[in-house]
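A look at the structure
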Amino acid sequence: MRKKVTVVGAGNVGANCALRIAEKELADVVLVDVVEGVPQGKGLDLLKSGPVQGYDIGITGTNDYAPTANSDIVIITAGLARKPGMSRDDLLLANYEVVKACTEQVAKHSPNAILILVTNPLDAMCWTAMRVSGFPRERVIGMAGVLDTARYRTFLAEALQVSAQNVQAMVLGGHGDTMVPLVRLTSVSGIPLTELLPQDQIDAIVTRTRNGGAEIVKHLKTGSAYYAPSAAAVEMAESILKDQKKVLPSAVLLQGEYGIKDLFVGVPVKLGAKGVEKVYEIKLTESEKAELDKSAGAVKELIDVLKEKAKA
Ligand SMILES: NC(=O)c1ccc[n+]([C@@H]2O[C@H](COP(=O)([O-])OP(=O)(O)OC[C@H]3O[C@@H](n4cnc5c(N)ncnc54)[C@H](O)[C@@H]3O)[C@@H](O)[C@H]2O)c1
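This report concerns the structure included in the present document. (Residues numbered from 1 in each chain as written. Predicted model: local features only at pLDDT ≥ 70, side-chain atom pairs only at ≥ 80, totals over all residues. Heavy atoms only, no water.)

Most of strand β13 (residues 261-272) sits out of view: 9 of its 12 residues are buried. Here strand β12 (residues 246-255) runs beside β13; their pairing, made up of 10 bridges, is antiparallel. Considered in β13, the bridge of Q255 is made with K261. In terms of strand pairing, β13 meets strand β14 (residues 275-279) through 4 bridges, oriented antiparallel. The partner of L271 across the bridge, within β14, is V276. Linking β13 back to β14 in an antiparallel pair, the connection comprises 2 residues. (Buried < 20%, exposed > 50% of the residue type's maximum accessible area, 1.4 Å probe, protein only. Helix = DSSP H or I, 4+ residues; strand = E, 2+ residues; numbered from the N terminus. Pairing = 2+ DSSP bridges.)

Right, here's the structure in full:
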């Protein structure tokens, strides 16, 4: 039996997730959106690329959740994206309602699915999905770290004029301005980054990484990034579907690791058939730990707003 992935939200990120899954022949895809005709049209269009691109998978688009039943993975991209001048946090209350509504349907039709959240503000949306679905932490995972790390690796590769494939790095923390690129552990094929670039250049790249999403929003003006975000979400889905056990920075509910409890924060995890199969707790220096705490604090502020809203 072929695997099944539902992508909720047939917008820029969602449609590109569907395309990448199809081109890698990872699973049959069901695209869901609230707008009538959009998932159907995009689904059919994607299906028709099959004969040319050489993939044989099923792709359907729908406005209801019955066809999504028993999905192995559900990638949630539904919701508003940023416009220039907006922070990810400005999306909080609107996207809370969207993710809540989607997750209720997903949990009802695919009670055993693994959820990959993409909608912003990412860490708060993971919390929402977990609370609404009642799924264990192994099956509620947020995509941010893979994207933030890809941006960091890209900028470093550009500065060093080397292949981005050779840049090993990890960006931890929440998906926001307080994310934590781990410079100390960044290397190029094992050569420490600190031996390759002066500190001021590294600092400038760290700042550009933190603003990587805003840089794209500023260019696009009408929305936010989607090619790299869809690539990142699909790398996570692929590791799960093929049980590759890749170690990828992902937002996961911490239960005391790094001294943080009950918050979704980006840390290195092993992604395999069961979802999150291990949370790696690496030894951080005092200043790295302080940065991670600050980032977790920013996530907590949003969760506190949602907790109040959930009570009301
Ligand atoms: N985590 C990350 O790193 C990351 C990266 C990029 C984008 N994002 C976020 O992903 C989300 C989607 O971005 P996009 O560029 O695809 O936006 P988009 O506007 O192109 O697409 C969003 C889609 O969601 C649909 N939608 C809205 N409410 C829905 C509902 N209740 N059920 C089903 N579908 C619904 C809309 O109709 C639209 O088609 C945004 O919140 C954005 O901020 C996150």
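Anyway, onward from the coordinates.
Moving on, we come to the site of the ligand. In the neighbourhood of the ligand, 27 residues make up the surrounding shell, with V13, D33, L80, V118 and M143 lying closest. One of the backbone N or O atoms of G79 is found 3.2 Å from an oxygen atom in the ligand. In this structure, N95 approaches the ligand through a side-chain N or O atom, which is 3.5 Å from an oxygen atom. Taken atom by atom, the bulk of the ligand overlaps the largest pocket. When grouped by side-chain class, the residues that make up the shell around the ligand number 17 nonpolar, 9 polar and 1 charged. (Near = heavy atom within 4 Å. Polar contact = N/O pair within 3.5 Å; in protein donor to acceptor, adjacent residues only side chain to side chain. 1 Å grid on protein atoms, 1.4 Å probe; cavity = no way out; pocket = protein on both sides within 12 Å on 5 of 7 lines; lining within 4 Å. Sits in = over half its atoms within 2 Å of the grid points. Nonpolar A, V, L, I, M, F, W, Y, C, P; charged D, E, K, R; others polar.)

Let's shift gears to the layout of surface pockets. By volume, the largest pocket amounts to about 770 Å³. In terms of lining, the largest pocket is formed by 37 residues, of which the most central are T77, A78, G79, L80 and A81. For the lining of the largest pocket, the secondary-structure elements that each account for two or more residues are α1 (12-23), α3 (92-109) and α5 (145-160). Taken together, the residues that form the lining of the largest pocket break down as 18 nonpolar, 14 polar and 5 charged. Looking at the second largest pocket, its volume works out to about 390 Å³. Forming the boundary of the second largest pocket are 19 residues, of which T149, R153, A169, E235 and L248 lie nearest the centre. (Points joined across faces, edges and corners; volume = space filled by probe spheres on them.)

Of all 5 residues making up strand β1 (residues 4-8), 4 are buried, and the element is well covered by its neighbours. Where β1 lies against strand β2 (residues 28-32), 5 bridges are found, and the strand directions are parallel. Pairing of V7 across the sheet is with L31, part of β2. What joins β1 to β2 is α1, and the crossover it makes is right-handed. Inspection of the sheet shows β1 paired to strand β4 (residues 73-76) by 4 bridges, in the parallel sense. When the sheet's bridge partners are listed, V5 is paired in β4 with I73. (Right-handed = clockwise from strand over helix to strand, strands pointing away.)

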